[in-house]
Amino acid sequence: MAKTLYDKLWESHVVRTEPDGTALLYIDRHLVHEVTSPQAFEGLKLAGRKPWRIGSIVATADHNTPTRDWEKGIEDPVSRQQVETLDANIREVGALAYFPFRDARQGIVHVIGPENGATLPGMTVVCGDSHTSTHGAFACLAHGIGTSEVEHVLATQCLLQKKSRTMLIRVEGALGRGVSAKDVALAVIGRIGTAGGTGFAIEFAGSAIRGLSMEGRMTLCNMAIEAGARAGLVAVDETTIQYLKGRPFSPSGETWDRAADHWRTLVSDPDAVFDAVIDIEAAKIEPQVTWGTSPEMVVPVGAAVPAPEDFEDPVKREGVARALQYMGLEPRTPIRAIPVDKVFIGSCTNSRIEDLRVAAAVARGRRKADNVKQVLVVPGSGLVKRQAESEGLDRIFQAAGFEWREPGCSMCLAMNADRLEPGERCASTSNRNFEGRQGAGGRTHLVSPAMAAAAAIAGHFADVRDLK
Amino acid sequence: MRAFTVHEGLVAPMDRANVDTDAIIPKQFLKSIKRSGFGPNLFDEWRYLDHGEPGMDNGRRPANPDFVLNQPRYRGASILLTRDNFGCGSSREHAPWALEDYGFRALIGTSFADIFFNNCFKNGLLPIRLPAAEVQDLFDQTAATPGYRLKVDLEARVVVRPDGRALAFEVDPFRRECLLNGWDDIGLTLRHADQIRDFEARRRIEQPWLFA
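These numbers were taken from a predicted model, which means no experiment stands behind them.

Trainee: Teacher, can you tell me more about the overall build of chain A here?
Mentor: Secondary structure summary: chain A contains 15 helices and 19 strands in total. A globule of 468 residues ought to have a C-alpha radius of gyration of about 23 Å, and chain A, at 21 Å, matches this closely. For chain A, the C-alpha atoms occupy an extent of roughly 55 × 55 × 45 Å along the three principal directions. When the 468 residues of chain A are sorted by exposure, 66% land in the buried category. Accessible surface, chain A: about 15400 Å² in total, of which carbon and sulfur atoms supply 49%. Side chains of chain A give 53 positive and 58 negative charges; the mean places of these two sets differ by 2 Å.

Trainee: I keep staring at the sheet that holds strand 8 (residues 158-161) of chain A and nothing clicks. Help me out?
Mentor: Each strand in a sheet pairs with its neighbour through backbone hydrogen bonds, running either in the same direction (parallel) or in the opposite one (antiparallel). Residue and element names in this part refer to chain A. One open sheet holds the three strands; their spatial order is 1-2-8, and the pairing between them is antiparallel. Looking at which strands have only one partner, the edges of the open sheet turn out to be strand 1 (14-17) and strand 8. Averaged over all pairs of adjacent strands, the angle between their axes in this sheet comes to 20°, without regard to strand direction. Where strand 1 lies against strand 2 (residues 23-26), three bridges are found, and the strand directions are antiparallel. Across the sheet, Arg16 pairs through a bridge with Leu24, a residue of strand 2.

Trainee: Just to check I follow, could you spell out the confidence of the model for chain B for this structure?
Mentor: Should the pLDDT be low somewhere, the predicted coordinates at that spot are not to be read in detail. With 100% of its residues at a pLDDT of at least 70, chain B reaches an overall mean of 97. Taken over the whole predicted complex, pTM reads 0.97, whereas the ipTM for its chain interfaces reads 0.97.

Trainee: Quick question: what am I supposed to make of the pattern of salt bridges here?
Mentor: Side chains that carry opposite charge are capable of pairing whenever their charged atoms lie near each other. Under the definition given, this model contains 46 salt bridges over all chains. Among the ionic pairs, Asp22(B) bridges to Arg437(A), the shortest N-O distance being 3.1 Å. A residue pair is termed interchain when its members come from two chains, as with Asp22(B) in helix 1 (residues 21-24) and Arg437(A) in the loop between strand 18 (425-428) and strand 19 (443-446). Asp22(B) gets classed as buried once you look at its relative accessible area, which sits at 4%.

Trainee: I tried to follow the interface of chain A and chain B on my own but got confused; where do I start?
Mentor: Accessible area lost upon the coming together of the parts serves often as the stated size of an interface. Counting residues at the interface gives 78 residues for chain A and 60 residues for chain B. Summing both sides of the interface, chain A and chain B together bury roughly 5700 Å²; the carbon and sulfur share of this comes to 56%. Between chain A and chain B we count nine salt bridges in total. A salt bridge links Asp184(B) to Arg49(A); the nearest nitrogen and oxygen atoms lie 3.2 Å apart. For the interface between chain A and chain B, the tally reads 38 residue pairs in polar contact (both at pLDDT 80 or more). No other element matches helix 5 (residues 147-156) of chain A, which puts seven residues into the side of chain A that touches chain B. Tallied by class, the residues present in the side of chain A that touches chain B amount to 27 nonpolar, 31 polar and 20 charged.

Trainee: Looking at this model, I keep getting lost on unusual backbone geometry. Mind explaining?
Mentor: Excluding glycine, residues mostly have negative phi values, and the peptide bonds linking residues are mostly trans. Phi at Ala414(A) takes a positive value of approximately 55°, unusual for a residue other than glycine. The buried category is assigned to Ala414(A), whose relative accessible area is 4%.

Trainee: Honestly, the pairing of strand 5 (residues 149-153) of chain B in this entry has me stumped. Any pointers?
Mentor: On a regular strand, one side chain projects to one face of the sheet and the next to the other, so that they alternate. Residues and elements named next belong to chain B. Of the pairings in the sheet, the one linking strand 1 (residues 6-13) to strand 5 comprises five bridges and is antiparallel in character. When the bridges of strand 5 are listed, Val6 appears paired with Asp153. As paired strands, strand 5 and strand 6 (residues 158-160) are joined by three bridges and run antiparallel to one another. Each bridged residue has a counterpart across the sheet, and for Asp153 the counterpart in strand 6 is Val158. If you look at the hairpin formed by strand 5 and strand 6, you'll find four residues sitting between the two strands, and Arg157 has a positive phi there, around 55°.

Trainee: I'm lost on the sheet that holds strand 11 (residues 231-233) of chain A in this one. Help?
Mentor: Residue and element names in this part refer to chain A. Taken together, the four strands give an open sheet; going across it, the order is 11-10-9-12, and neighbouring strands pair in parallel fashion. If you trace the sheet from one side to the other, it starts and ends with strand 11 and strand 12 (276-281), each paired once. Strand-to-strand twist of the sheet, defined as the mean angle between neighbouring strand axes without regard to direction, takes the value 20°.

Trainee: It is not clear to me how helix 13 (residues 382-390) of chain A should be interpreted in this structure. Could you clarify?
Mentor: For an α-helix the count is 3.6 residues per turn, leaving residues at separations of three or four pointing the same way. Residues and elements named next belong to chain A. Taken together, the buried positions of helix 13 are Gly382, Val384, Lys385 and Ala388. One side of helix 13 carries all its buried residues, which in axial view fall inside an arc of 160°. Summarising the geometry of helix 13, the exposed residues directed more than 90 degrees from the buried face are Arg386 and Ser390. Considering only its buried residues, helix 13 is in contact with helix 4 (109-115), helix 12 (353-363), helix 14 (393-399) and strand 17 (403-404). Its side-chain oxygen 3.3 Å from the backbone nitrogen of Leu383, Ser381 forms the N-cap of helix 13. Directly beyond the C-terminal end of helix 13, a positive phi value near 80° is found at Gly392.

Trainee: Is there a simple way to explain the packing of aromatic side chains in this structure?
Mentor: Two aromatic rings, taken as a pair, are described by how far apart their centres are and by the angle between their planes. Residues and elements named next belong to chain B. Within the structure shown, the criterion is met by 16 aromatic pairs over all chains. Summarising the aromatic geometry, the rings of Tyr102 and Phe104 are spaced 5.1 Å apart at their centres and angled 15° between planes, so their arrangement reads as stacked. A relative accessible area of 0% means that Phe104 is categorised as buried. Over the ring of Trp46 we find Arg16, and its NZ or CZ is 3.7 Å from the ring centre. Above the plane of the ring of Phe117 lies Arg129, whose end atom (NZ or CZ) is 4.2 Å from the centre.

Trainee: Teacher, can you tell me more about the packing of helix 2 (residues 38-46) of chain A against helix 5 of chain A here?
Mentor: Residues and elements named next belong to chain A. Viewed as axis vectors pointing N to C, helix 2 and helix 5 meet at an angle of 50°, and their least axial separation amounts to 8 Å. Considering the angle they form, helix 2 stands oblique to helix 5. When you trace helix 2 past helix 5, the crossing you get is right-handed. Of the residues in helix 5, those in contact with Gln39, Ala40, Phe41, Gly43 and Leu44 of helix 2 are Thr147, Val150, Glu151, Leu154 and Ala155. When its residues are assigned to classes, the contact of helix 2 with helix 5 shows six nonpolar, three polar and one charged.

Trainee: Got a minute to help me understand the environment of Thr60(A) in this structure?
Mentor: Residue and element names in this part refer to chain A. Mapped onto the elements, Thr60 comes out in strand 4 (residues 57-60). Residues Thr60 and Cys140, spaced 80 residues apart in sequence, show a C-alpha to C-alpha distance of 20 Å. In this structure Thr60 touches Val32, His33, Glu34, Leu86, Tyr98, Phe99, Gln106, Gly107, Val109 and Ile112, once residues within four positions along its chain are discounted. For Thr60, the side chain forms a polar contact with the main-chain oxygen of Phe99, separated by 2.7 Å. Of note is the side chain of Thr60, whose polar atom sits 3.5 Å from the backbone oxygen of Gly107.

Trainee: Help me understand the packing of helix 12 of chain A against helix 15 (residues 449-458) of chain A in this model?
Mentor: All names here are of chain A. For the pair helix 12 and helix 15, the least separation of the axes is 8 Å and the interaxial angle reads 30°. One element, helix 12, and the other, helix 15, form an angle in the roughly parallel class. Handedness of the helix 12/helix 15 crossing: right-handed. Within the contact between the two elements, helix 12 uses Asp355, Val358, Ala359, Val362 and Ala363 and helix 15 uses Pro449, Ala450, Ala453, Ala454 and Ile457. Grouping the constituent residues of the contact of helix 12 with helix 15 by class yields nine nonpolar, no polar and one charged.

The rules behind these values
The residue count restarts for each chain, going from 1 along the sequence in the order it is written. Note on labels: chains are lettered from A, ligands numbered from 1, in written order. Owing to the predicted nature of the model, reporting of local features is limited to residues with pLDDT of at least 70; listing and counting of side-chain atom pairs is limited to 80 or more, with chain, interface and lining totals taken over all residues. With hydrogens and water stripped out, all remaining heavy atoms of the structure feed into the side-chain values. To qualify as a helix, a DSSP run of H or I must reach at least 4 residues; to qualify as a strand, a run of E must reach at least 2; elements of each kind are numbered from the N terminus. Note that the radius of gyration is over C-alpha atoms, with the globule rule given as 2.2 Å times the number of residues to the power 0.38. Buried residues are those whose accessible area, probed at 1.4 Å on protein chains only, stays under 20% of the maximum for their type, while exposed residues exceed 50% and partly exposed ones sit between those limits. A 1.4 Å probe and the Shrake-Rupley method give the accessible areas. Residues count as covered only by the protein chains that appear here. The charge count treats Lys and Arg as positive and Asp and Glu as negative. His and the chain ends do not count. Charge positions come from single atoms, namely NZ of Lys, CZ of Arg, CG of Asp or CD of Glu. Two strands pair under a simple rule: DSSP has to find at least two bridges between them. Axes here refer to lines fitted to C-alpha atoms; in helices the fit is confined to the stretch in contact. Angles between the N-to-C directions go from 0 to 180 degrees. Per residue, pLDDT captures the predictor's confidence, and it can take any value from 0 to 100. When a carboxyl oxygen of Asp or Glu lies within 4 Å of a side-chain nitrogen of Lys or Arg, that pair is called a salt bridge. The contact criterion used is simple: two residues touch if any of their non-hydrogen atoms lie within 4.5 Å. The term buried area refers to how much accessible surface (probe radius 1.4 Å) is lost by two components on association, counted for both of them together. For this analysis, a polar contact is any N or O atom pair within 3.5 Å, provided that within protein one partner can donate a hydrogen and the other can accept it, and provided that sequence-adjacent residues contribute only side-chain to side-chain pairs. Nonpolar residues are Ala, Val, Leu, Ile, Met, Phe, Trp, Tyr, Cys and Pro. Charged residues are Asp, Glu, Lys and Arg, and all others, Gly as well, are polar. Summarising the geometry, the arc corresponds to the directions from the helix axis toward the C-beta atoms. Only rings of Phe, Tyr and Trp enter the pairing, Trp through its six-membered ring, and a pair is recorded when the two centres are within 6.5 Å. The plane angle decides the type: under 30 degrees is stacked, over 60 is edge-to-face, the rest tilted. By the criterion adopted, a ring carries a charge over it if an Arg CZ or a Lys NZ lies within 6 Å of its centre and within 35 degrees of its normal. Oblique is the label for any angle not under 35 degrees, not over 145, and not in the 65 to 115 range, which are roughly parallel, roughly antiparallel and roughly perpendicular in turn. Handedness of a helix crossing follows the sense of rotation of the near helix relative to the far helix, less than a right angle counterclockwise being left-handed and clockwise being right-handed.

Written out as structure tokens, the structure is:
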């Protein structure tokens, strides 16, 4: 019988199945960070258990780490304690790789896995972080788990799971100029809603997806969770294989050939049946900007903010009214008339080298608008930072009045000192525009890196396609 | 884990869709390395008029009188009524920890986000999905009836209203069994350690690059 990619990944990891279909899935890669692991390590210790396979663990500190003045260490004592707890736990139990605070390869967990070749096709990848869906770009079954499950994986190398339904999102055609993977992700969420993918694993396919680089595919799979799907997937092709060649934890020599042959089988069979199929025309996707407090509250840059009365469902109508009030927006305001106070370029969604190149191309030879108080550029990892500096991107950003920072999660969720003040409005390349996400009372608009840079230059949202 | 069999308690309504885990427990409280003590900061940004940070004496902070859980009639609620997509966003288990620590034992709504839904079961907190019309009725009855209580019976898989009407719900048999008995997942899984070892040994031969 024809199988979907998800079926293949699922079946190849089932250790045993309960009568109701609950399966014990074997986990190949366990990514660990400081926020969701301390209670798991503590639980393990209290129960007198040992980690099952240390070689599956790749760890880093990213959520709490500051993005400047690294020589001062972590000033917030509560953040520091969490990072030191990770240090102590990994020192005690071990790991395949640990990139601690200030290490040259430290960075956002979803950036460092792939760039080190620690994320390989056909793996199951878990992490106590919902954006683990990112790794699905490599045809991995990858999703976020809670801390109890982190402990379960540490202790047993397995996870108890029910099989998801499958959704195929097919994007055919060529993306327009100035339109990126981030815009595809936001357009998909605008179409199916933030609960549209609940209970599904989404496979992204079609010529527009095949045309994306691995970094673009990561951006897209990263946002699958914002559509409600725990896992996003893209089939293996030569782009995948080329990306992995020569990375530190990628196989080499004869093993490489064997691995690559196997990886090429990680595609959905041509006549595989999905539980749901969505077709999207690439050429119709425009640069997107969110206006509300849920990623589904999104419109093309040329549109205007909607009004509550546009929605029939009373719960939705009230949600829109509440979002507009929180965001300080009047109905029917054109997106391009909305001024921004801050700009954030970074996060596990958009902090890789290609994201920074695109933002730098917009910033080159320009300056941020006077009304924009701060533009933060936060690379996803130490390696991304070094690469960007070797290309001179840091100098382009600084000449434009942008701040060039050290790597980390930073203002995506504002667990460190980078945050919005109450009422401040931000054009952000991150993934969530929830109330208070970037700081209590802060107002987040999600956009692509090019659109974020364009907003920084214009002082308000602008269509990057209009820039000469 | 605390077992869940039958629970009868006061109902509070959370009448908004897409309540995300950042709203349930804001990020500044995620810096804790403990599993307990999150209850006083559940829904922190909605619940208090000032900005909350770890280490504050929450009893002295100004409560937002408009926030539903601060209304005297809902004090002591242990069942939360919710709308679509409750618990969306991050995988932080601090969200169910905060709900449980506050005193909630069951959540009743139309839909829950996947990871959050899963996390609830690991903490003796039962999320129940009911059809939209039944959830709407429960919202209406809660609003109209001060002291409105429900009985949740996991063994029988029903929510029983004060008028005696029983609303049936579905739950995975395996999850139900674990929750009814308060079983520790890890202990259960480790009974199959030999099978895991066999699987791993095969995998190591077939795909050695995964074990580099």
